[in-house]
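Below, each chain spelled out in residue letters.
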Amino acid sequence: MLQQKRQLGMTFMGYVLLLAVIGFFAVMAMKLVPLYLEYQSIVRIMDGVAAESDANTSPVSLRSTIGKRLDVNNIVRVGPRDFRIQRDDGEAMLTIEYEARTKFIGNLWFLLEFDHAVAL
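Quick caveat, the model's predicted, so the values are computed rather than measured. (Residues numbered from 1 in each chain as written. Predicted model: local features only at pLDDT ≥ 70, side-chain atom pairs only at ≥ 80, totals over all residues. Heavy atoms only, no water.)

This prediction gives the protein a mean pLDDT of 89; 97% of its residues lie at or above 70. Considering each helix and strand of the protein separately, the mean pLDDT is smallest for strand β1 (residues 83-88), with a value of 88, and largest for helix α1 (residues 12-52), with 94. (pLDDT = per-residue confidence, 0-100. Helix = DSSP H or I, 4+ residues; strand = E, 2+ residues; numbered from the N terminus.)

Structure below.
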């Protein structure tokens, strides 16, 4: 009696589909990770400025410090004018809200909204 062999492993089409899915997510990660890293740099800048200043620091001085740190970190998506300084009852808040867009594939784009606030 002949013994039948069973197929083991994936077929060529299985590998192609697996590589397509992995490639899709790899391209997506390559487009999104830089935006999140930029946001993390902005958060670190805001935390550093908040640690060095207090509620009585002038807005001009705060914007100057933020602008220098943005230049050092090579961040061009936002500028010092995009940061809001709000003062209420002796407490000051430094906030930012912005959108980051990046092209994905063809006419598909990613739009990410970021916001962060820190007390001075």
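With antiparallel pairing, three strands are arranged side by side in an open sheet as β1-β2-β3. A strand with exactly one partner marks an edge of an open sheet, and here the two such strands are β1 and β3 (109-119). Strand-to-strand twist across the sheet, computed as the mean angle between neighbouring axes with direction ignored, equals 20°. Bridge analysis of β1 against strand β2 (residues 91-103) gives six bridges, and the strand direction is antiparallel. Bridging from a neighbouring strand, F83 pairs with I96 of β2. Set on the sheet, α1 makes contact with β1, β2 and β3; between it and β3 the angle comes to about 15°. Contacts between helix α2 (residues 59-72) and the sheet are confined to β1 and β2, with β1 contributing the most and set at about 150° to the helix. (Pairing = 2+ DSSP bridges. Axes fitted to C-alpha atoms, helices over the stretch in contact; angles between N-to-C directions. Contact = heavy atoms within 4.5 Å.)

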